[in-house]
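Examining the three-dimensional arrangement
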Amino acid sequence: MSYRAPLRDMRFVLHEVYDVVGHCQQLDLGLDRETLDGILEQGARFASEVVAPLNRNGDEQGCRLQDGKVHTPQGFQAAYQQYVEQGWASMTGPVQYDGQGLPQMVAASFHEMLMSASLSFRIYSGLTEGAVLALYRHGSEALKRTYLGPLVSGRWAGTMCLTEPQAGTDLALLRTRAEPQADGSFRLSGSKIFISGGDQDLTENIVHLVLARLPDAAPGVRGISLFLVPRQVPGEPGDNAVSCGALEHKMGIKGAATCVMNFDGARGWLVGEAGQGLACMFTMMNDARFQVGLQGLGIAEAALQGALTYAGERLQCRGLAGAVAPQRPADPILHHPDVRRMLLTQKSLVEGCRLLAACTARELDLEHAAPDAESRQRAARRAALLIPIVKAFFTDVGQEVASLGVQVYGGHGYIREWGMEQLMRDSRITQLYEGTNGIQALDLIRRKVLGDGGAELHRLIDDLATQPAHPALGEMQAVVSQRLAEWAALTREVIAACHRDPQEIGATSVDFLAYSAYVLLAALWLRAASCAQAALDAGSGERAFYRAKLKVAEFYWRRLLPRADGHRQALSGGAGCLMAMDEQEFGL
C-alpha cells in the first residue's frame, strides 16, 4: 500500500470551511495562503516519500531490546533525523524556545498525514509536543531553560508515565514514590507500564514526565505530584537510574516501542505544585487525546485510500443493471451497490471527522493564543467538550473504516501482504490508550455535561443551529435542525436521569457520546455542503470535487445519521437492565 496525502480535501476544510488565514490573523500570525499551502505540500511529500515506506518494515521488524537499550526498526533513525532537520518537530513549539508557533489547525493536518503514513513512526514524536506544553505551562523557569529548547527542536523526546500494573484508569492506586533530596531534587522509585517511546535510539535524550507520590502525600489522586525525570541529567556523566525493563509484545504498532520503565532512585524534579500532578498532567493528556483522535483519522484515511484503489481495479461479476465495462471480462467491484455502501461509509466518516478535527484544533489554538482572556476561556470550555468526542469517535471510526477496508478487499484483505490487516491491528490500540473510549464517554457525561449542567453543550448546539446554510440545501438543513433540537432535549433527559440514579452516568455515556458525534458531524457536513454549493454557484472550475462533496454529504445524512436513533433508543433503556444481574447470574 502507498499513501498520498488528501491535500485537496485538507485545503477545502482549512480555507473554504474554516478560513484558516483569517484564523491566523486573529492569532496575530503572519501566515498567508501560499505559505500554509506550501507547508502542507512539503508535509505531504515527507509523509509519502520518507515515512510511508517505513510502515510495512516497521510492522515486520518491530523493536528490539538488547543490552538494556531499545533499537527501532531499520530506517526509523534516518527518517527521524530528517524530521528534525526539516523543522517538523518544532512546528507548534513556543517561539521563545525556538519553536515555530504554528497553529494546531495547520499542524493537525500534517500530523494526520504522519498517522496515515506510519502510526508507529509518529508515536515517537507525538508525546513530545504534549510534554512541551505541560512543561511550558507548569515548569519552573530553571526547568524550562534546560529542557524546552531540546524538546521543541526534537533533539530530545518526551514521554508520559502514568500507568502501573495495578493502576490504570484509577490513578489513585499508583505507588511510585518520590523522596526529596537536600539539593531540591527527588529520587523516584517504581515501575510504569505501557510507556510509548519509553526508550529508543532516535533522540539524544528522553525526558519522562512521571506521576509519583511524596512521602507525606495524601491518599487518592490529591496526593499525586508530577516529576521530570531525564534519561540523562544534563551536565552529569552516565545515565540516570531509569531503564527499560521489557518491551510489550503487541497486536499492532510493532514499530513503536511500548516499554516497561523502571525507576530505581532516578533523579527528578517537581513540575508544578506538590499534590497537583494530575492537573498538570491533564495539560499533556488533553493534547495526547486529540492526537490519538488524529491517529484514528489517519488510519481511516489510509484504509479508505487502499479500498478505493482496490475497488477500482478488482474485476468481479457484472453490474446488477448490466455490464459497465463490456470490453473487460468483468466489471470493477466499485460498481456494485454494496461496495459503494462500504466506500461511501468510509469516505463520509473520514471527511466528516476531518471537519471536526479542524474545528477542535481551532478551539485549541484560541485557548492558548486568543488575544483576550474571555476568548481563551470560552475556547477552553469548547475544546474540553470536544476532546472526548474526538478521541472516542475518531478511533471507533478508525477501527470501523479499517474493518470495511478488509471487507472491500475480501479474502485479500485478510492476507498480510496486502497491508489492510495491519491497519486494522494498528488502529485497535487507539480505542484503548490515553483513556479507553468508555472512559472518554464517562468524561463527557460526568465532567463536561453534568459538570456545568449542560451549559457548554447547549451553547455548541445553539452555535450549530444558527450557522448559515445554502438555500438549495433546505431538506438537509431541516433534518439537521430537527436533530439538533433532539440533541438538546436528549441532553436534558440524560442530565435528569443521572441526577435520579448515578448508575445512569455509566449506563448512558457510550451511547450518548456516539449519538452526539453523529449529530455533530451532520451539522458540520451541512456547513461543508453549503461551501461546496456556493463554489458551484460561483462557477468553480473544480465542479467534480464540489459535486462529490454534496453527494457524500447526502449519503451521510440519509444513510449514517440514522445510526443516532439506535444510540438514542439504547441509552433510554436505563441502567436497570445493566445492573440487575448479580455475580452468580453472570456465572462467576
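Look a little higher up for the structure.
Residues numbered from 1 in each chain as written. Predicted model: local features only at pLDDT ≥ 70, side-chain atom pairs only at ≥ 80, totals over all residues. Heavy atoms only, no water.

1. What to know about the overall build of the protein
Within the protein one finds 19 helices and 9 strands. The C-alpha radius of gyration computed for the protein amounts to 24 Å, which stays within 12% of the reference 25 Å derived for 588 residues, consistent with globular compactness. Dimensions of the protein, computed from C-alpha atoms along their principal axes, come out at roughly 80 × 60 × 55 Å. For the protein, the proportion of its 588 residues judged to be buried stands at 57%. The long-range share in the protein, meaning contacts at least 24 apart out of those at least 6 apart in sequence, stands at 75%. Counting only carbon and sulfur atoms, one obtains 51% of the accessible surface of the protein, whose full area is about 23,800 Å². Taken as two groups, the 56 positive and 65 negative side-chain charges of the protein have centres that lie 3 Å from each other. (Helix = DSSP H or I, 4+ residues; strand = E, 2+ residues; numbered from the N terminus. Rg over C-alpha atoms; globule rule 2.2 N^0.38 Å. Buried < 20%, exposed > 50% of the residue type's maximum accessible area, 1.4 Å probe, protein only. Contact = heavy atoms within 4.5 Å. Areas by Shrake-Rupley, 256 points an atom, 1.4 Å probe, with all protein chains shown as cover. Lys, Arg positive; Asp, Glu negative; His and termini not counted. Charge placed at Lys NZ, Arg CZ, Asp CG, Glu CD.)

2. Focus: a nonpolar patch on the surface
A contiguous nonpolar patch, built from Met 581, Phe 586 and Leu 588 and spanning about 380 Å² of accessible area, is present on the exposed surface. In this structure, Met 581 sits in the segment after helix H19 (576-579). You can call Met 581 partly exposed: its relative accessible area is 40%. (Patch = residues over 30% accessible without salt bridge, like charges linked within 9 Å, V, L, I, M, F, W, Y side chains within 5 Å. Salt bridge = Lys/Arg side-chain N within 4 Å of Asp/Glu carboxyl O.)

3. Here we look at the nonpolar core
Considering soluble globular proteins, one finds that nonpolar side chains tend to be buried as a cluster. Met 113, Leu 356, Phe 393, Trp 487 and Phe 512 are the most contacted members of the largest nonpolar core, which totals 163 residues. Tallying contributions element by element places helix H16 (residues 503-537) first for this core, with 20 residues. If near-sequence neighbours (up to four positions away) are discounted, Phe 512 is found in contact with Leu 444, Ile 445, Val 449, Leu 457, Trp 487, Leu 490, Thr 491, Val 494 and Leu 571. Within the second largest apolar cluster, 32 residues are counted, among which are Leu 135, Leu 151, Cys 280 and Met 281. (Core = buried A, V, L, I, M, F, W, Y, C linked by side-chain atoms within 4.5 Å.)

4. Re the packing of aromatic side chains
Counted according to the given criterion, the structure contains 18 aromatic pairs. A centroid spacing of 6.2 Å and a plane angle of 90° characterise the contact between Phe 76 and Tyr 124, whose relative ring orientation is edge-to-face. Taken as a pair, Phe 76 in helix H5 (residues 76-85) and Tyr 124 in helix H7 (residues 119-138) lie far apart in primary sequence, 48 residues in all. Across the pair, Tyr 124 and Phe 76 agree in class, each one buried. Residues Trp 88 and Phe 110 carry aromatic rings whose centres are separated by 4.3 Å and whose planes lie at 20° to one another, so their mutual orientation is stacked. A residue pair is termed long-range when its members are at least 10 positions apart, and Trp 88 in the loop between H5 and helix H6 (104-117) and Phe 110 in helix H6 qualify at 22 residues. Phe 110 carries the same exposure label as Trp 88, and that label is buried. Here the aromatic residues Phe 46, Phe 76, Tyr 80, Tyr 83, Trp 88, Phe 110, Phe 121 and Tyr 124 are joined through ring pairs into a cluster of three or more. The ring of Tyr 136 has Lys 144 lying over it, and the distance from NZ or CZ to the ring centre is 5.4 Å. Its guanidinium or amino end placed over the ring of Phe 282, Arg 447 lies 5.2 Å from that ring's centre, counting from NZ or CZ. (Phe/Tyr/Trp six-rings, centres within 6.5 Å; stacked < 30°, edge-to-face > 60°. Lys NZ or Arg CZ within 6 Å of the ring centre and 35° of its normal.)

5. Observations regarding the pairing of strand S5 (residues 186-196)
Here strand S4 (residues 177-180) runs beside S5; their pairing, made up of 4 bridges, is antiparallel. Along S5, the bridge assignment pairs Glu 179 with Arg 187. Counted between consecutive antiparallel strands, the loop separating S4 from S5 contains 5 residues, among which Gly 184 sits at a positive phi close to 95°. Relative to strand S9 (residues 258-271), S5 runs antiparallel, the two being bridged by 9 bridges. Paired with Lys 192 across the strands is Met 261, a residue of S9. (Pairing = 2+ DSSP bridges.)

6. Topic: helix H9 (residues 277-313)
In this model H9 runs 54 Å from its N-terminal to its C-terminal C-alpha over 37 residues, within 8% of the 54 Å that 1.5 Å per residue would give. If you look at H9, its biggest bend is around 30°, right at Thr 283. For H9, the tally of buried residues reaches 30 of 37 residues, placing the bulk of the element in the interior. (Expected span 1.5 Å × (residues − 1). Bend = angle between axes of the 7 residues up to and from the residue.)

7. Here we look at unusual backbone geometry
With phi around 60°, Asp 28 is a residue other than glycine that occupies positive phi space. As for its position among the elements, Asp 28 is in the loop between helix H2 (20-26) and helix H3 (33-51).

8. A look at helix H12 (residues 420-428)
Buried residues dominate H12, accounting for 7 of its 9 residues. When H12 is considered as a whole, its buried residues turn out to be Met 420, Glu 421, Gln 422, Leu 423, Arg 425, Asp 426 and Ser 427. Where H12 is buried, its residues contact helix H4 (54-61), H7, H9 and helix H11 (373-409).

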